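# Tertiary structure, described
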Amino acid sequence: MNLFYKNLTIWLIIALTAILVLNIFKGQPETVTVLTYSDFVHKVKDGIVANFSLNKNIATWQDSNGAHFRSVIPENPASVQNFLDAGAKIEIIPNREPNWFLRSLLSWMPILLLAGIWFFFIRKGSGQGGGGKAMAFGKSKAQLVDAQESKVRFKDVAGIDEAKEELVEIVEFLKDPTKFTDAGARIPTGVLLHGEPGTGKTLLAKAIAGEAGVTFFSISGSNFVEMYVGIGASRVRDLFEEGKKKAPCIIFIDEIDAVGRHRSSGAAGGNDEREQTLNQLLVEMDGFEVNDKVIIVAATNRLDILDQALLRPGRFDRQVLVPLPDVLGREQILKVHAEKVKTSSDIDWNTIAKATPGFSGAELSNMINEAALMVARRGGSVTMSDLDAAKDKVMMGAERRSLIITEDEKKITAYHEVGHALVAWMLPGSDPVHKVTIVPRGKALGLTMQLPETEKHSHSYSYLFNNLCILLGGRIAEELIFNEITTGSGNDIERVSDLARKMVCEWGMSKNIGPIVIKAADQPGTSNPLVSDEFIQKINSEISNLINTAHDTARKILTDNKDTMEAITLELLEKETISNKDIQAVIDQQKS
Ligand code: ADP
Ligand code: ZN
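Here we come to the pattern of salt bridges. Within this structure, the stated rule accounts for 24 salt bridges. Among the salt bridges present, the one from Glu 169 reaches Arg 318, with a minimum N-O distance of 2.9 Å. Remark: Arg 318 occurs in strand β10 (residues 318-321) and Glu 169 occurs in helix α5 (residues 161-175); sequence separation between them is 149 residues. Of the residues examined, Glu 169 reaches a relative accessible area of 33% and is grouped as partly exposed. Overall, Arg 318 belongs to the buried group, its relative accessible area being 19%.

It is worth spelling out the site of ligand 1 at this point. Not every one of the 16 residues close to ligand 1 is listed here, only the nearest: Ala 158, Gly 198, Lys 201, Thr 202 and His 337. The backbone of Thr 199 places a nitrogen or oxygen atom 3.3 Å from an oxygen atom of ligand 1. Separating an oxygen atom of ligand 1 from a backbone N or O atom of Leu 203 is a distance of 2.9 Å. Taking 560 Å² as the accessible area of ligand 1 by itself, protein coverage stands at 79%. Sorting the residues of the shell around ligand 1 by element identifies α7 (201-212), α12 (327-338) and α14 (361-378) as the ones contributing at least two each. Looking at the shell around ligand 1 residue by residue, the class counts come to seven nonpolar, seven polar and two charged. Shared between two domains, the shell around ligand 1 holds at least three residues of each, these being domain 1 (143-263 + 272-321) and domain 2 (333-396).

Further remarks concern the coordination of the zinc ion (ligand 2). Distances from the zinc ion (ligand 2) to its protein donors, namely His 416 (NE2), His 420 (NE2) and Asp 492 (OD), fall within the range 2.0 to 2.1 Å. Taken in sequence order, the residues that donate to the zinc ion (ligand 2) follow the motif H-x3-H-x71-D. One end of the pair is His 416 and the other is His 420, both in helix α16 (residues 407-426) and four residues apart, which spans about a single turn. Since its relative accessible area comes to 5%, His 416 is described here as buried. By relative accessible area, which is 7% here, His 420 ends up buried.

Another aspect to go through is the nonpolar core. By size, the foremost hydrophobic cluster in this structure holds 46 residues, and its most contacted members are Val 423, Leu 468, Leu 558, Met 565 and Ile 568. Mapped by element, the contributors of at least two residues to this core are α16, β11 (433-437), α17 (461-482), α18 (490-505), α19 (533-560), α20 (562-575) and α21 (580-591). Ranked by size, the runner-up nonpolar core spans 29 residues in total, among them Val 157, Leu 204, Phe 216 and Ala 299.

On to the environment of Ile 518, then. Topologically, Ile 518 is positioned in the loop between α18 and α19. A residue is classified by how much of its surface remains accessible, and Ile 518, at 13% relative accessible area, is buried. Residues Ile 518 and Lys 502 lie 16 residues apart in sequence; the distance between their C-alpha atoms is 9.4 Å. For Ile 518, the contacting residues outside a window of four places in its chain are Cys 505, Ile 513, Val 531, Phe 535 and Ile 539.

Cut-offs applied
- Residues numbered from 1 in each chain as written.
- Chains lettered and ligands numbered in written order.
- Predicted model: local features only at pLDDT ≥ 70, side-chain atom pairs only at ≥ 80, totals over all residues.
- Heavy atoms only, no water.
- Salt bridge = Lys/Arg side-chain N within 4 Å of Asp/Glu carboxyl O.
- Helix = DSSP H or I, 4+ residues; strand = E, 2+ residues; numbered from the N terminus.
- Buried < 20%, exposed > 50% of the residue type's maximum accessible area, 1.4 Å probe, protein only.
- Near = heavy atom within 4 Å.
- Polar contact = N/O pair within 3.5 Å; in protein donor to acceptor, adjacent residues only side chain to side chain.
- Areas by Shrake-Rupley, 256 points an atom, 1.4 Å probe, with all protein chains shown as cover.
- Nonpolar A, V, L, I, M, F, W, Y, C, P; charged D, E, K, R; others polar.
- Domains from an automatic or database assignment.
- Donors = N, O, S within 2.8 Å, 3.2 Å for Na, K, Ca; no water.
- Core = buried A, V, L, I, M, F, W, Y, C linked by side-chain atoms within 4.5 Å.
- Contact = heavy atoms within 4.5 Å.

In short, shape yes, function no, at least from these values alone.
In structure tokens:
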């Protein structure tokens, strides 16, 4: 809950407490002596009553000294007259019935209100993943654990056939366990799906549940780890209890790395809560019987940081890689999602699949959805050009045409982008330039897009070196034309440094360092004990040598082709987005 609500609650509580306190003292502004009826009558006879007032049968009065009195008077005084005459002490008990309810309601109202507000905030807090979840404690996990019938089937998961094949067995086991137990086979109780975000891990887990027709429980690893020690562990216990009750079922734990990061790594001193949760998880998994018919499916994109204990036999001993789809896979995923929208008949899915290298299933599904949204505004069905626009939007972020850019900025951006594009154009072996634009998208003022001709699974030294040159091209173009450097190259430099460091430290691409992997220190802020200071200096100078060589190469290309660069930039400034063909045309014209 945000600060505003927090403050509001505090003030409400203060105000209500004040009302409550006032309510308690109200009605007794000064001391009032309550007299029985008989005493009252005697006082009247003694003649010491002044300021008499009667409300129903409650008489309030003051005596001549100013003292306050109250008595209850019988509704029918004649009925008690005999007793009075006999000198009896008479006390009338007021008939409070109708009043009683109202009065107690009034005095309880503030408390009820308080309780109501408190309840409201707890509900609100535990609903979405907000910070208020801390209030939900161990048991109230109803919103955290989501149990459902899964409608997803294997046919909805496209392009990752190997992963699917490995899971078919699990489905068969859930449907008919005896087949396996009779044969003495042991089915893994834990399956770990690992792969990049958006590759369909959650979808696969749902598909297993859907195919087998069992309940699908899901919880995110980060939900286990709360700020109170012990909650995570109790959640794990509850989750498994619940799972066993509803067996056969699938328990899906997303982002398991939030709990399962290997112990004694990361933040200094470790995290007690996480360790307890992880231990509880291990204990629960060890306590599993094959007959329990509960399969735990966990997902992560950080297999490397998981605690080894999680991967031991009997725990997550089946590990399935869910990779980014290849061209064919992308085509299949696109088709699965295209079934849900109206598409025109001339769409060539293969071409689109080729133009979307590195897209995950989630991005492809997002792309189809973007195209459908565009069409919804216009009417009709999704065409090739809708898909192309949607692809650009997913790949590079939405256009921000409303962003106000000065002419100078626009010019700098244009030269910058053409700098990238021209270096890429001139270096043999680099990915062809697909599109250059100076329409701001997402955070970028402009973009140069390259598309590989074929899917690459590994990269050569020269390809990576070219990439360094291309990344530096933007900044060099600015320098050549304006003799000035802007912040626009920040992201380029970051990528250059990262790539060069990997080339030297991870892929053994520097002759002077050789084929050796140099890892960063385990604990941030400490030095790697296996690497001497001189060696670190050597590494650093290797990295900067590599970058300097790339810089010189790119600079030479752009100085040698300055006229071409000017011509392409003019074209880009005019059209704002130019394609491979436009660049080719300008270059042809230059030659003639
Ligand atoms: P992950 O769990 O790996 O991060 P998800 O399973 O949540 O990814 O995928 C998000 C969405 O992307 C899915 O709901 C689905 O619409 C789409 N998607 C991802 N992979 C595929 C796939 N292989 N086939 C079809 N759709 C996919
Ligand atoms: Zn750039």
